[in-house]
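Report on the structure
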Amino acid sequence: MQSIFETIKKIAIKIDYAIKTEDLGYSDSENSSGEEQLKLDVKSDYIIELAFNDISIVKALVSEEKEGVLELHPNGIYTICYDPLDGSSLADVNLSVGSIFGIYKGELKGENLIASAYVVYGPRIELVIATKKGKPLHYRATEGLFNFIGEITLKEKWNINAPGGTQQNWSNHHKTFIDALFGEGYRLRYSGGMVPDLHQILLKGGGIFSYPETSDKPDGKLRQLFEIIPFAFIYEQAGGQAIDSKGKRLMELVPKHPHDTSPCFFGSNYEIEALKKAYKVKT
Ligand code: AFP
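Rules behind the numbers
- Residues numbered from 1 in each chain as written.
- Predicted model: local features only at pLDDT ≥ 70, side-chain atom pairs only at ≥ 80, totals over all residues.
- Heavy atoms only, no water.
- Helix = DSSP H or I, 4+ residues; strand = E, 2+ residues; numbered from the N terminus.
- Rg over C-alpha atoms; globule rule 2.2 N^0.38 Å.
- Buried < 20%, exposed > 50% of the residue type's maximum accessible area, 1.4 Å probe, protein only.
- Contact = heavy atoms within 4.5 Å.
- Areas by Shrake-Rupley, 256 points an atom, 1.4 Å probe, with all protein chains shown as cover.
- Lys, Arg positive; Asp, Glu negative; His and termini not counted.
- Charge placed at Lys NZ, Arg CZ, Asp CG, Glu CD.
- Domains from an automatic or database assignment.
- Buried area = accessible area lost by both parts, 1.4 Å probe.
- Salt bridge = Lys/Arg side-chain N within 4 Å of Asp/Glu carboxyl O.
- Pairing = 2+ DSSP bridges.
- Axes fitted to C-alpha atoms, helices over the stretch in contact; angles between N-to-C directions.
- Near = heavy atom within 4 Å.
- Polar contact = N/O pair within 3.5 Å; in protein donor to acceptor, adjacent residues only side chain to side chain.
- Core = buried A, V, L, I, M, F, W, Y, C linked by side-chain atoms within 4.5 Å.
- Phe/Tyr/Trp six-rings, centres within 6.5 Å; stacked < 30°, edge-to-face > 60°.

This next bit is on the overall build of the protein. Helix and strand counts for the protein stand at six helices and 15 strands. For 283 residues, the compact-globule estimate of 2.2 N^0.38 gives 19 Å, and the protein sits close to it at 18 Å. Its C-alpha atoms give the protein principal-axis dimensions of roughly 50 × 40 × 40 Å. Sorting the 283 residues of the protein into buried and exposed places 54% on the buried side. Across the protein, the fraction of contacts at a sequence separation of at least 24, relative to all contacts at a separation of at least 6, is 58%. Working note: accessible area of the protein is about 12600 Å², and carbon and sulfur atoms make up 51% of it. Charged side chains of the protein number 32 positive and 38 negative; the gap between the two group centres comes to 7 Å.

Okay, here's the thing in structure tokens:
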């Protein structure tokens, strides 16, 4: 597994360089969700595919930017599902973006996630790695080398509220819940980039990130395999919770299709318990 994490570090340095030096315009292609691809999306995906091609324990790759499964090594053990550059549409306004990696063994479903990692491309390059051995581990790159900063632990309750989705398309009970948090003094921290928005809550100590079902996205927007399950694992390992709108753990998701989405809520225990009450989840 260590060879996978070392490869992610090399990938991070290369994608960061691409963000800072390459064309931020659109390519003439679409991804498998029918979204226009930025040249950076395509380049980041290529960097990742090339890097894991040299790692024999990687059996296959599944990318948010491509349809299907790319078989790499028949005798490999792990399948890596990844979003090469999440929030890429923010790069051209110089906001932080990220890469997300889910490392699975066997069928591609939550309970088969072995480890996950994400990279934040911001003022600094930061990396968080989570395995079943303990708390998520936070690293920061200095001149191309990743230095260990510390373990990540969420508080029982903190003060960040990151409400995703178009507000006019929220359900009434979701809007009531979000407004109630602001009424308790929560701070609005939402950039539209899942990786920096979730990273901020982890590092600041807690709060809640929500991307609910909405009238325009009844199954949510964020993808189960590449985005939701990898972060759900990290939040649970940090002592928090990650659930859907029925109160089910996101780690129990079983995608029917690699690009399936789900409503998702990630946060500290107090905020997630408050959400369960607002959503009348039977506990
Ligand atoms: P893009 O990749 O199209 O920029 O979308 C980013 C994203 O998938 C995720 O990173 C954000 O959390 C979410 O979309 C933001 O969606 P809204 O703009 O609908 O809140």
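Picking up after the structure, the text goes on.
A separate point is the domain arrangement of the protein. Domain annotation of the protein identifies domain 1 (2–151) and domain 2 (160–278). Taking only C-alpha atoms, the centre of domain 1 and the centre of domain 2 are 21 Å apart. Carbon and sulfur atoms supply 65% of the area that domain 1 and domain 2 bury against each other, a total of about 2600 Å² over both sides. Taken as a group, E64, I100 and Y118 account for 20% of the area that domain 1 buries against domain 2, more than any other trio of residues on that side. In this assembly, domain 1 and domain 2 are joined by one salt bridge.

This paragraph deals with the sheet that holds strand β5 (residues 78–86). If you trace the eight strands from one edge of the open sheet to the other, you get β4-β3-β5-β6-β7-β8-β9-β10, paired in mixed fashion. The sheet terminates laterally at β4 (70–71) and β10 (145–151), the two strands that pair on one side only. Against the sheet, helix α1 (residues 2–21) makes contact with β3 (58–63), β5, β6 (97–104), β7 (113–121), β8 (125–131), β9 (137–142) and β10, and its axis sits at roughly 25° relative to β7, the strand it touches most. Each of β5, β6, β7, β8 and β9 is contacted by helix α4 (residues 194–204), which is oriented at about 100° to β7, the strand it contacts most.

Time to look at the site of the ligand. What surrounds the ligand is a group of 13 residues, the closest being D86, S89, Y190, M194 and Y211. One of the side-chain nitrogen or oxygen atoms of D86 is found 2.4 Å away from an oxygen atom of the ligand. Within the side chain of S89, an N or O atom sits 2.6 Å from an oxygen atom of the ligand. The fraction of the free accessible surface of the ligand (480 Å²) that becomes covered by protein chains is 77%.

The next point concerns the nonpolar core. Formed by 37 residues in total, the largest nonpolar core has its most connected members in F209, F231 and F266. Secondary structure elements with two or more residues in this core: β6, β7, β8, β11 (160–163), α4, β13 (207–211), α5 (224–237) and β15 (264–267). The element contributing the most residues to this core is α5, with nine residues. Structurally, this core is a two-domain feature, drawing no fewer than three residues from each of domain 1 (2–151) and domain 2 (160–278). Leaving out residues up to four positions away in the same chain, F209 has contacts with A162, Y190, M194, D197, L198, I201, L222, C264, F265 and F266. Core analysis: the next-biggest nonpolar cluster, separate from the first, contains 36 residues, A12, A51, I55 and I80 among them.

Right, let's talk about the packing of aromatic side chains for a bit. Applying the stated criterion across every chain yields a total of eight aromatic pairs. Between F52 and F101 the ring centres are 6.4 Å apart and the planes differ by 75°, which places this aromatic pair in the edge-to-face class. Remark: F101 occurs in strand β6 and F52 occurs in helix α2 (residues 39–52); sequence separation between them is 49 residues. Judged by relative accessible area, F52 falls into the buried class, the value being 0%. Ring plane angle 35° and centroid distance 6.2 Å describe the contact between Y190 and F209, whose orientation is recorded as tilted. Of this pair, Y190 sits in the loop between β12 (187–188) and α4 while F209 sits in strand β13, and the two are 19 residues apart along the sequence. Among the aromatic residues, ring-to-ring pairing joins Y190, F209, Y235 and F266 into one connected group.

Attention shifts here to the pairing of β9. Residues in a regular strand project their side chains so that they alternate between the two faces of the sheet. Note: β8 against β9, four bridges, orientation antiparallel. For L127, the partnering residue across the bridge sits in β9 and is Y139. Two successive antiparallel strands, β8 and β9, enclose a turn made up of five residues. Alignment of β9 against β10, held across six bridges, turns out to be antiparallel. Note on β10: the bridge partner recorded for H138 is G150.

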